[in-house]
Amino acid sequence: MAVAETQLYAKVSNKHRSKSPSALLESLLAKGFPAHIAQKALAATGQKTIEDAAKWLHSHCNDPSLDDPIPQEYALYLCPTGCLYNRLQEFWKESKRQCGKNRAHEIFPHVTLCDFFTCEDQKVGLLYDTLKQIVHSFSQRFPPTLSLSLHSSTSYLGFFIGDSHANILKEFAVAFSSEASALADCHVKPCLKQLHLTLAHKFCPHHQKTLEQLAKCINPGETCQWVAALYSRDMRFVHYQTLRALFQYKPQNIDELMINAGDFVYVDPTHQSDVSEGWVIGTSHRTGCRGFLPENYTERANESDTWVKHREYAFIPASKFFTQTANDPDVKLNGEVHNPVMSRSVTNVLSLQNATLRRGVLVVRHGERVDQVFGKSWLQQCLTADGKYYRADLNFPSTLPKRKDSVKHFEHDPPLSCCGIFQSRLIGEALLDQEVAVSYVYSSPALRCIQTAQHVLQGLKLDQKVKIRVEPGLFEWTKWDASKVIPNFMTLTELTEASYKIDTSYRGNVPLSSLVPSESYEEYVSRSSAVIKQIVTACPSKGKGVILIVGHGSSLASFTRPLIGLPARDSSDFAQAVRKIPSLGMCFCEELKEENKWQMVNPPVKTLTHGANAAFNWRNGITED
């Protein structure tokens, strides 16, 4: 048993258990569940319905920690609802789109009143009663509108609550803390420092101005119904990463984890060093079981996605506390509230602000290449004794483009696999669905990149309108090329004769002859920075078209970071990041012309994820014993 879990056991093992179960508990006891397990299920589901608790118990029937007496952790937040909540949610969405995810996106808009504390499962109901009573007693003193002033620094942006109003909230937190500590026998610590509502935290300093502009679209005086909300989380996974399953995965081995689409999985980053590449080991939030799962079946989730909201009570005058009126359609009879449906007004304001966005640069890695599937000796698998190409597997291309020199040059300049062609066309179709207007296409001279660009254009239905500009300066870091020589690429004439839509009038910024084998990292960074700036300068900035750049895994960082003003990564960090970039991985930058800068935002289409499909011989295991 881990030391941390042993300490948790020591805190709770000698606690006295309640002898007055609730109606929900009595229903579970009547079904034959032990008291401590039934109480655990109720605490884990917010003590809402017998159906929720029973479903939790069914899902956790194989949970090895089901009998462990480890309680939940609870926190008390002041949360906005109504118009202000809508504005804040729209800020959350737009700030993430324009500046990427920061620490504030992990949790919903809130003001922390009492930070996380533990409470025994059988005493959680006392917290509800205490909270309802304290909210009721403070409703007459609660200000109609909280005084909120915007505060900004290089790593924090948020609203500070004015002193007079903050003092009332601190008194409320102290009152709840004292009462809860006495009744529920738990240590609750009220927040007595500067009370604040965080908008952004731990973001890149160069995003500060953009975030401030977005925050100024929020009117802190908007209509708002504030509620005191009690949340809980599983204290065992506080420092873990939370992943969300994108697809169902059925275990192939006994040590693998069954997941359904939408499941949450807790992953300890410190325990992944010995795990095979592409896999993680984690614990399912839904079942409590632990095992291996493919990392590309998941995406990063927010920290609060697995939290449980137990109760929330609105600060409303006592005369209205038990009466729902037409002016308060979202308030329940007991003072609890629903989250209202989001409006789109701030989005409309932000869309006006985004009218200054002029151009986009979409950097895409090429599709799946044949040697990625069949290894470096792929060509030997496809050549007859007299040197003619044939299709040895359906994932090999049906034919190879004609070239004047030896077909063996394809060994160092491999084409896409058939799956790579499909991937590329699928991305083009997705861009078409999102009405992405591609005006210019630049490609590395590598055949796999040119083919990717061609099939993306076909998916966009632009293959007869937009031609591909072959730019040698977009080729990958030559130190990584296994041949230790610059590949003998197909000429523009050969590509055109092979029906690729090439702009033969284009002359590259970097001559092919200037590429040298095993260039230093500094040389590669300098080349990439110069090329992307030359490309952007060469494309007219009057329209709103997208510049599509098809390159390599290294292209995503080496072309976007200089564009948005970030320095190059350390070479070792750069190599680690590139290894994680899949086929058709992409980054998207938008130009803020009035500010004379570029910013990275979410790509216009979703990621493409799929599993491996191994070679199969029907004789093995079917007819042979």
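A brief report on the enclosed structure follows. Keep in mind the model is a prediction, meaning the values are calculated, not measured. (Residues numbered from 1 in each chain as written. Predicted model: local features only at pLDDT ≥ 70, side-chain atom pairs only at ≥ 80, totals over all residues. Heavy atoms only, no water.)

1. Some thoughts on the overall build of the protein
Cut-off, in case you're wondering: In this description a helix means any DSSP run of H or I spanning at least four residues, a strand means any run of E spanning at least two, and both kinds are numbered starting from the N terminus. Summary of the burial criterion: residues with accessible area below 20% of their type's maximum are buried, those above 50% are exposed, and those between are partly exposed, where the area comes from a 1.4 Å probe applied to protein chains only. In what follows, a contact means two residues having at least one pair of non-hydrogen atoms within 4.5 Å. All accessibility values rest on the Shrake-Rupley procedure with a 1.4 Å probe; residue burial counts only the protein chains present in the view.
When helices and strands are counted, the protein shows 16 helices and 18 strands. Residues counted as buried form 50% of the 625 residues belonging to the protein. Residue pairs at least 24 apart in sequence account for 76% of intrachain contacts in the protein once pairs closer than 6 positions are excluded. When the accessible surface of the protein is totalled, it reaches about 30,500 Å², and 52% of it is carbon and sulfur.

2. Remarks on the pairing of strand E8 (residues 264-267)
In plain terms, the rule: At least two bridges found by DSSP between two strands are what make those strands a pair.
Judged by which residues are buried, E8 turns out to be covered on both faces: Phe264 and Tyr266 on one side and Val265 and Val267 on the other are all buried. By the bridge criterion, four bridges tie strand E7 (residues 241-245) to E8 in an arrangement that is antiparallel. By the bridge assignment for E8, threonine 242 is matched with tyrosine 266. In this sheet, strand E9 (residues 279-284) lies alongside E8 in antiparallel orientation, the contact comprising three bridges. Each bridged residue has a counterpart across the sheet, and for valine 265 the counterpart in E9 is serine 284.

3. Concerning the pairing of E7
Bridge count between E7 and strand E11 (residues 298-300): three bridges; the pairing is antiparallel. Directly across from arginine 244, in E11, lies its bridge partner glutamate 299.

4. Some details on the packing of helix H2 (residues 23-30) against helix H4 (residues 50-59)
For any two helices packed against each other, the geometry comes down to the angle between their axes and how far apart the axes lie. The criterion, for reference: To get an axis, fit a line to the C-alpha atoms, keeping to the stretch in contact for a helix; angles then go from 0 to 180 degrees between the N-to-C directions. Should an angle lie under 35 degrees it is considered roughly parallel, over 145 roughly antiparallel, and from 65 to 115 roughly perpendicular; all remaining angles are considered oblique. When the near helix sits turned anticlockwise from the far one by under a right angle, the crossing is termed left-handed; a clockwise turn instead gives a right-handed crossing. The nonpolar class holds Ala, Val, Leu, Ile, Met, Phe, Trp, Tyr, Cys and Pro. Asp, Glu, Lys and Arg form the charged class, and all remaining residues, Gly among them, are polar.
Interaxial distance between H2 and H4 falls to 10 Å at its minimum, and their mutual angle equals 45°. Put simply, H2 runs oblique to H4. Of the two elements, H2 crosses H4, and the hand of that crossing is right-handed. Here Leu24, Ser27 and Leu28 of H2 come into contact with H4, specifically with Ile50, Ala53 and Leu57. For the contact of H2 with H4, a count of residues per class yields five nonpolar, one polar and no charged.

5. Re the sheet that holds strand E4 (residues 156-161)
Strands sit in the order E3-E4-E5 across an open sheet of three strands; the sheet is antiparallel. Strands at the two margins of the open sheet, each flanked by one partner only, are strand E3 (148-152) and strand E5 (196-201). Averaged over all pairs of adjacent strands, the angle between strand axes in this sheet comes to 15°, irrespective of strand direction. Across five bridges, E4 lies against E5 in antiparallel orientation. Counted as the bridge partner of phenylalanine 160 is histidine 196 from E5. Across the sheet, helix H5 (residues 83-99) lies against E3, E4 and E5, angled at about 20° from E5, the strand it touches most.

6. Digging into the pattern of salt bridges
Spelled out, the test is: Note on definitions: salt bridges are taken to be side-chain nitrogens of Lys or Arg within 4 Å of carboxyl oxygens of Asp or Glu.
All chains considered together, the criterion is met by 23 salt bridges. Between arginine 87 and glutamate 222 there is a salt bridge; the shortest N-O distance is 3.2 Å. Separated by 135 residues along the polypeptide, arginine 87 in helix H5 and glutamate 222 in the loop between helix H8 (208-215) and strand E6 (225-234) bring together distant segments of the chain. The same class applies to arginine 87 as to glutamate 222, namely buried. One connected set of salt bridges, linked through shared partners, spans Glu73, Arg103, Arg233 and Glu303.

7. Looking at unusual backbone geometry
Even without being a glycine, serine 499 presents a positive backbone phi close to 75°. When you line up the elements, serine 499 lands in the loop between helix H13 (492-497) and helix H14 (521-538). Even without glycine at this site, serine 518 takes up a positive phi of about 55°. When you line up the elements, serine 518 lands in the loop between H13 and H14.

8. Here's the deal with the packing of aromatic side chains
The description of an aromatic ring pair uses the distance of the two centres, along with the angle that the planes make with each other. What counts, and what does not: Aromatic pairs are defined between Phe, Tyr and Trp rings, using the six-membered ring for Trp, whenever the two ring centres lie within 6.5 Å; interplanar angles under 30 degrees are classed as stacked, those over 60 as edge-to-face, and all others as tilted. Should the NZ of a Lys or the CZ of an Arg lie within 6 Å of a ring centre and within 35 degrees of the ring normal, that charge is described as sitting over the ring.
Using the criterion set out here, one finds 27 aromatic pairs in the structure. Site record: aromatic cluster; members linked through ring pairs are Tyr77, Phe108, Phe116, Tyr231 and Trp307. In this structure, arginine 233 is placed above the aromatic ring of phenylalanine 116, and the distance from its NZ or CZ to the ring centre is 3.6 Å. Lying across the ring of tyrosine 128, arginine 311 places its NZ or CZ 4.1 Å from the centre.

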